[in-house]
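Spelled out from the first residue to the last, the chains are:
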Amino acid sequence: MKTAELTDVLVIGSGFGGAIPAYHLAAGGAKVLILERGPQISSAGFEQDWKHGTWTRVLDLVKGDGMTALAGNCVGGGSVHYYAVSLRAPSFTFERGGGRMWPRSIRRATLDPWYERAEESLPVTLLDWKEVSYAGGLFAAACRNAGRTCQPVPVAVDTEACVNCGWMVGGCHFGAKRSMILNYLPAAQAHGAVLRPLCEVQRLSRAQTPGYRYRAHYGAEVVEAKVVIVAAGAMATPVLLRRSAFGLGGMPGAVGRYFSGNGDLLTVTQMDEGRIADVLGLEREPGIAYQAYPIGKSITTQSLDHTDPRKPEFTRFSIQQCYNTPLTNMLAEGPSWFGVGKKQARREWRSWLGTLAMYEDDNEGVFGLLPPTGAYLKLADGLGLSPLRYRRSANSERARSLVLAELRAILEKDGLGRVMPFTEDLIGEVTAHPLASARIGDDPATSACDEGHRLRGHEGLFVTDGSAVPGALCVNPSLTISALAERAVPYIVRQLRDDGVAVTYGAPAPGGATSGRRATLELAERVISGG
Ligand SMILES: Cc1cc2nc3c(=O)[nH]c(=O)nc-3n(C[C@H](O)[C@H](O)[C@H](O)COP(=O)(O)OP(=O)(O)OC[C@H]3O[C@@H](n4cnc5c(N)ncnc54)[C@H](O)[C@@H]3O)c2cc1C
């Protein structure tokens, strides 16, 4: 029989959900091993190119039935390719489903101290209007023209180091994006955590060494741990857990159900340069009104006019200006797939304005038959087939049409442009924000984990990534995933102490800042002492 490597804590995945507990537990004195399926790439290694073997090392496009998700696939996970918009979720999202979607103990106010800790650690900066891209400014001008409001977004970017190259999706070559590879992960390693790239955990089973609970199988290797933190991302965590059901003696029914695409709705609008000049009075260069779709940071402004908590569920959403790469040109639905209209639209792609809206969806996604290995059937570099099935409910359909109507009201007013949602013919809906496939909650029937991120029925097994977030947030989710992961750490510390591991809690932010921990120390102490 294979001899297992032994560790106190095994972390599966190195995105937000994995890197954050890995740092705190290593800093607290636990022996931590992080296994990551993807490669390790440093800032200098991120290439500004669309050739295979460049961005495909960083990001996977994972096609399900009815929905396609983008998922992180390297050390740092989605924090490497993300656009770094770092927003707290609006308070009403925590009250969804009559207040029963989230655990009763977690509301916006109770999560605020943990948001603060994550914001300090990344850290997050609110963009100045001077740092907003031309596209972001155009969206703001169109909002004002339509009687709407618009504001810059907060980002986890060092704006001094950022050169506005527009290549955020391939990984930041300039070290300006504050992804996990620049903060939590190196800090975890500095405290002795071991990070092993190119190691994909296939399944978990029971440990055979006394004092250890779980055995993880990857490649030809096995490791045994007292505590396992599953943070493989919302497209991979439910698959890994369900494949482990046999070895672990069952799995909660909510694992692989209630998946949410965060209500993402991506569109591009073909803007009319002449109308931009005449109606909005904009001129970027002499004789050129705009033509700036690809210039600047990917997301810089947002409209929050439809985030009124008094409005009913499924009518609330936010809209952001959002640059996606020219690769997505082909997905715009306005013109047909081929022909003159399509050619014309592509020729004028510099005059496009991209948007990302996020509405309240209905957690309709379900994972079906498991692939033999990994989280999805690998078709090519950067491309996979997932067992996810997603069919929009009537609630989501209604929410989506409200968003489209609002986009048209803003961007088609006075002939400014023509809104073109992405086609769903080929790959269904597209989400950059997969969530909720092993979510936390109070009701065992609808949540895989309890409020402490403990997988039900499996002591010492925690889920801390986007799969734990209960539902759509109406904003980008990374800061909420981070705040929840920060909040989960005291529960894990308590478990480790019960297991006899001498671990402390209370490390400063990875960069050394300490003000964020002030408010959380007392909260953490209460959890750790079982109060
Ligand atoms: C183009 C794009 C832009 C985005 N921009 C923003 C933004 O501006 N703001 C925002 O809030 N969000 C943004 N997001 C979303 C954000 O990136 C994700 O919500 C976030 O990364 C999810 O974090 P996570 O910890 O749940 O999972 P991930 O960050 O995906 O981490 C999971 C990790 O686990 C690894 N893994 C998977 N399976 C295994 C296994 N079996 N064994 C070992 N390792 C495994 C994966 O390779 C990955 O590294 C964006 C996403 C995309 C695609």
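Residues numbered from 1 in each chain as written. Predicted model: local features only at pLDDT ≥ 70, side-chain atom pairs only at ≥ 80, totals over all residues. Heavy atoms only, no water.

Note that strand S3 (residues 59–65) and strand S18 (residues 383–389) share 4 bridges and pair parallel. Counted as the bridge partner of Asp65 is Arg389 from S18. Relative to S18, strand S16 (residues 366–367) runs antiparallel, the two being bridged by 2 bridges. Residue pairing for S18: Val366 is matched across the bridge by Arg389. As paired strands, strand S17 (residues 377–380) and S18 are joined by 3 bridges and run antiparallel to one another. Counted as the bridge partner of Lys378 is Gly384 from S18. Counting the residues in the hairpin turn of S17 and S18 gives 2 residues, including Gly382, whose phi is positive at 80°. (Pairing = 2+ DSSP bridges. Helix = DSSP H or I, 4+ residues; strand = E, 2+ residues; numbered from the N terminus.)

Glancing now at the site of the ligand. Surveying the vicinity of the ligand reveals 37 residues, the closest of which are Glu36, Gly78, Val85, Gly466 and Ser478. The separation between an oxygen atom of the ligand and a polar main-chain atom of Ala84 is 3.0 Å. Note that a nitrogen atom of the ligand is positioned 2.9 Å from one of the backbone N or O atoms of Val201. Surface burial for the ligand is 96%, taken as the share of its 1000 Å² of free accessible area covered by protein chains. (Near = heavy atom within 4 Å. Polar contact = N/O pair within 3.5 Å; in protein donor to acceptor, adjacent residues only side chain to side chain. Areas by Shrake-Rupley, 256 points an atom, 1.4 Å probe, with all protein chains shown as cover.)

With an omega of -20°, the peptide bond running from Leu122 to Pro123 counts as cis. Along the chain, Pro123 falls in the loop between helix H3 (108–121) and strand S5 (125–126). At His453, a position not held by glycine, the phi torsion is positive, near 65°. Counting through the fold element by element, His453 comes out in the loop between strand S20 (429–431) and strand S21 (461–463). Among the residues examined, His453 registers a relative accessible area of 0% and is labelled buried. Phi is positive for Cys474, close to 65°, though the residue is something other than glycine. Locating Cys474 in the fold gives a position in the loop between S21 and helix H11 (478–498). (Buried < 20%, exposed > 50% of the residue type's maximum accessible area, 1.4 Å probe, protein only.)

Attention now goes to the packing of H11 against helix H12 (residues 515–528). Taken N-terminus to C-terminus, the directions of H11 and H12 make an angle of 40°; their axes are 8 Å apart at the nearest point. H12 is crossed by H11, and the crossing has right-handed handedness. On H12, the residues touching Pro490, Tyr491, Val493, Arg494 and Arg497 of H11 are Ala524, Val527 and Ile528. A breakdown of the residues in the contact of H11 with H12 according to their chemical character gives 6 nonpolar, no polar and 2 charged. (Axes fitted to C-alpha atoms, helices over the stretch in contact; angles between N-to-C directions. Left-handed = near helix turned anticlockwise from the far one by under 90°. Contact = heavy atoms within 4.5 Å. Nonpolar A, V, L, I, M, F, W, Y, C, P; charged D, E, K, R; others polar.)

Let us now look at the pairing of strand S10 (residues 214–218). In terms of burial, S10 is largely enclosed, as 5 of its 5 residues are buried. Covered by surrounding structure in S10 are Tyr214, Ala216 and Tyr218 together with Arg215 and His217, the residues of both alternating faces. Relative to S10, strand S9 (residues 201–206) runs antiparallel, the two sharing 5 bridges. Within the sheet, the bridge partner assigned to Ser205 lies in S10 and is Arg215. By the bridge criterion, 5 bridges tie S10 to strand S11 (residues 221–230) in an arrangement that is antiparallel. In the strand pairing of S11, Ala216 is matched with Val223. The turn linking S10 back onto S11 is made up of 2 residues, and Gly219 within it adopts a positive phi angle of 50°.

Tracing the backbone through its elements, the reader meets Ser298 in the loop between helix H8 (273–280) and strand S13 (301–303). Its relative accessible area of 1% is what places Ser298 among the buried residues.

Bringing the nonpolar core into the picture now. Considering soluble globular proteins, one finds that nonpolar side chains tend to be buried as a cluster. Counting 153 residues, the largest nonpolar core has Leu25 and Val32 as its most contacted members. Per-element accounting of this core gives the leading share, 10 residues, to H11. (Core = buried A, V, L, I, M, F, W, Y, C linked by side-chain atoms within 4.5 Å.)

The subject of this paragraph is the pattern of salt bridges. Taken as a whole, this structure holds 31 salt bridges when the rule is applied. The shortest N-O distance in the salt bridge between Glu224 and Arg215 comes to 2.7 Å. Arg215 shares its class with Glu224; the two are buried. (Salt bridge = Lys/Arg side-chain N within 4 Å of Asp/Glu carboxyl O.)

Turning to H3, a few remarks are in order. Between the first and last C-alpha of H3 there are 19 Å, a value that for 14 residues agrees with the 20 Å anticipated at 1.5 Å per step. For H3, the set of buried residues is Leu111, Pro113, Trp114, Tyr115, Arg117, Ala118, Glu119, Glu120 and Ser121. Buried residues in H3 make contact with helix H1 (16–27), helix H5 (184–190), H11 and H12. (Expected span 1.5 Å × (residues − 1).)

Bringing the sheet that holds strand S15 (residues 352–359) into the picture now. Pairing in this open sheet of 6 strands is antiparallel, and the strands run S6-S13-S14-S15-S12-S19 from one edge to the other. Looking along the sheet, the strands with just one partner apiece sit at the ends: strand S6 (151–152) and strand S19 (417–421). Inspection of the sheet shows strand S12 (residues 264–271) paired to S19 by 5 bridges, in the antiparallel sense. Among the inter-strand pairings, Thr269 is bridged to a residue of S19, identified as Val419. On the sheet, helix H10 (residues 394–411) packs against S12, strand S14 (317–321), S15 and S19 and is oriented at approximately 145° with respect to S15.

As a further point, take H8. Those residues of H8 that sit buried are Glu273, Ile276 and Leu280. For H8, the arc enclosing every buried residue in end-on projection is 75°, short of the 170-degree limit, so these residues lie on one face. If you follow the buried residues of H8, they end up packed against helix H4 (134–145) and S12. Capping the start of H8 is the job of one residue whose side-chain oxygen sits 2.9 Å from the backbone nitrogen of Gly274: Asp272. (Arc of directions from axis to C-beta.)

Our focus in this paragraph is a nonpolar patch on the surface. Residues Leu377, Leu379, Leu383 and Leu385 make up a contiguous nonpolar surface patch of about 320 Å² in total accessible area. Elements supplying a minimum of two residues to the nonpolar patch: S17 and S18. Relative to the helices and strands, Leu379 is located in strand S17. (Patch = residues over 30% accessible without salt bridge, like charges linked within 9 Å, V, L, I, M, F, W, Y side chains within 5 Å.)

Here the focus is the environment of Ile276. As for its position among the elements, Ile276 is in helix H8. Residue Ile276 is classed as buried on the basis of its relative accessible area of 0%. Residues contacting Ile276, with those up to four places away along its chain left out, are Leu138, Met271, Gly281, Leu282, Ala289, Tyr290 and Leu416.

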